[in-house]
Amino acid sequence: MNKKEWPLWEVFIRSKQGLSHKHVGSLRAPDAEMAVNNARDVYTRRSEGISIWVVESANVVASDPSEAGPLYEPANSKAYRHPTFYEVPEGIKHM
Amino acid sequence: MEKNKIDALNKAFQDKIDNEIKIEPKDYMPDAYRKTLIRQISQHAHSEIVGQLPEANWVTRAPNLRRKAVLLAKIQDEAGHGLYLYSAVETLGADREQTIDDLHEGIAKYSSIFNYPTLTWADMGTVGWLVDGAAIMNQVPLCRCSYGPYARAMVRVCKEESFHQRQGFEVVTQLAKGTPEQKAMAQDSLNRWWWPALMMFGPNDADSTHTAQSMEWKIKRHTNDELRQMFVDATVPQAELIGLTIPDKDLKFNEETGHYDFGEIDWDEFWQVVKGYGPCNEERVAARKKAKEDGLWVREAANAYAEKRAARNKKAS
């Protein structure tokens, strides 16, 4: 019995020209080309896409969810990075 | 880990759930939550895959090309749904191969409805109408399940599944409008599938061991009995419209509650089928095992092809 397991691939689909590829799910396949073929069968049966990317899941580097606080909280206190922080005098219609 | 540290983690986890924040694969989750999800999602995946079998029975005998194309598309969808769900279960650290072997060894369950045979063409209609109808009733609230990957898989499944129910109802409607023999075939099919369809929602709330905890974790949003009532209320008028009779002499609209009252389910039959003594339990698992064994050479060939191509690319570069 062949115990060699097919690697896991993350699938990204561009739904139409002008939009980015978006993660839609994952699947298993023996190599990249077969992963693209499988992704076409599994994720685009109803014209959901015009372009597919596959990336082997083992190659994805992710931030650590337990560090979410120190990583993202500093941005919460910096409201001045948003345009709504500023007062615009009355009479100015567009800025 | 120390006990109070685990308590704090569990509290933070439940706070997230209470605030409708989704749990993602790498987040902390209690072992029992993980185990419950692995059990539920893998059973759900197995149901999608085993669910192809009763329908495959009619592909070569579909009455015309349109019906055949539709049936094939539906069966292909079920395979896709199984794949989404096996991927979701893998995010919880479960081994995909092992989950499938658990099904083949009778350790893991799948929806009991697929242990009933599809005897006539009318069953292709009834299965779509009632079985997919009941599945949709179960799956729509699962789109808001607290576990992110499961909820996302359900959104895709529900989007694709709505055609399954409609095509089934179309088949039944056409038969009900047909010759007396065709109408009788539709009625016979409804008679056989009605009660098993109601059983798909599981035991009564009082006898359901997992419901309370699953609702606290927001894996489940409605109890079995609530979903079953929603299904009955939605389906009875559909049967009336096409002139078929629901096989339940106790079925009656209750003006006070605004819902249909219905008869008692044969729970002995339910438990018999769950425990493996339904009409097709052995046949279904045997078919799955055979498919895995017969497909082995394809998987091996795909591996060999991938290796050969990798070696060739290496040489060329």
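Residues numbered from 1 in each chain as written. Chains lettered and ligands numbered in written order. Predicted model: local features only at pLDDT ≥ 70, side-chain atom pairs only at ≥ 80, totals over all residues. Heavy atoms only, no water.

A.B. asks: Just checking my understanding: could you explain the packing of helix 4 (residues 65-90) of chain B against helix 7 (residues 148-176) of chain B for this structure?
C.D. replies: Two measures define how a pair of helices packs: the angle their axes make with one another and the distance between the axes. Residues and elements named next belong to chain B. In the contact formed by helix 4 and helix 7, the axes pass within 10 Å of each other and the chain directions differ by 160°. In terms of axis orientation, helix 4 runs roughly antiparallel to helix 7. As for the relative orientation of helix 4 and helix 7, their crossing is left-handed in sense. Along the lines of polarity and charge, the residues of the contact of helix 4 with helix 7 split into twelve nonpolar, four polar and nine charged. (Axes fitted to C-alpha atoms, helices over the stretch in contact; angles between N-to-C directions. Helix = DSSP H or I, 4+ residues; strand = E, 2+ residues; numbered from the N terminus. Parallel < 35°, antiparallel > 145°, perpendicular 65-115°, else oblique. Left-handed = near helix turned anticlockwise from the far one by under 90°. Nonpolar A, V, L, I, M, F, W, Y, C, P; charged D, E, K, R; others polar.)

A.B. asks: Sorry if this is basic, but what is going on with a nonpolar patch on the surface here?
C.D. replies: All names here are of chain A. Where nonpolar side chains cluster on the molecular surface, the patch consists of Tyr 80, Phe 85 and Tyr 86 and spans about 350 Å² of accessible area. Along the chain, the position of Tyr 80 falls in the segment after helix 2 (68-72). Residue Tyr 80 is classed as partly exposed on the basis of its relative accessible area of 42%. (Patch = residues over 30% accessible without salt bridge, like charges linked within 9 Å, V, L, I, M, F, W, Y side chains within 5 Å. Areas by Shrake-Rupley, 256 points an atom, 1.4 Å probe, with all protein chains shown as cover. Salt bridge = Lys/Arg side-chain N within 4 Å of Asp/Glu carboxyl O. Buried < 20%, exposed > 50% of the residue type's maximum accessible area, 1.4 Å probe, protein only.)

A.B. asks: Is there a simple way to think about the interface of chain B and chain A in this case?
C.D. replies: Frequently, the measure chosen for interface size is the accessible area removed from exposure when the parts meet. Listed per partner, the contact involves 24 residues of chain B and 21 residues of chain A. Between chain B and chain A lies a buried interface of about 2000 Å² when both sides are counted; carbon and sulfur atoms form 47% of it. The interface formed by chain B and chain A holds seven salt bridges in total. Here Arg 28 of chain A ties to Glu 90 of chain B by a salt bridge, and the two come within 2.4 Å at their closest N and O atoms. Inspection of the region where chain B meets chain A yields nine residue pairs in polar contact (both at pLDDT 80 or more). Of all the elements in the fold, those that place two or more residues in the side of chain B that touches chain A are helix 4, helix 5 (96-104), helix 7 and helix 13 (296-316) of chain B. The dominant element in the side of chain B that touches chain A, judged by the number of residues it contributes, is helix 13 of chain B, at nine residues. Class assignment for the residues of the side of chain B that touches chain A results in seven nonpolar, four polar and 13 charged. (Contact = heavy atoms within 4.5 Å. Buried area = accessible area lost by both parts, 1.4 Å probe. Polar contact = N/O pair within 3.5 Å; in protein donor to acceptor, adjacent residues only side chain to side chain.)

A.B. asks: Quick question: what am I supposed to make of the packing of helix 6 (residues 122-142) of chain B against helix 7 of chain B here?
C.D. replies: All names here are of chain B. Contact geometry for helix 6 and helix 7: axes closest at 7 Å, N-to-C directions at 150°. Relative to helix 7, helix 6 is oriented roughly antiparallel. Handedness of the crossing formed by helix 6 with helix 7: left-handed. Broken down by class, the residue content of the contact of helix 6 with helix 7 amounts to 16 nonpolar, ten polar and two charged.

A.B. asks: Mind showing me how you'd approach the confidence of the model for chain B here?
C.D. replies: Predicted coordinates in regions of low pLDDT should not be interpreted in detail. Averaged over chain B, the pLDDT score is 96; the fraction of residues at 70 or greater is 100%. Our summary of model confidence lists the complex with pTM equal to 0.93 and ipTM equal to 0.88. (pLDDT = per-residue confidence, 0-100.)

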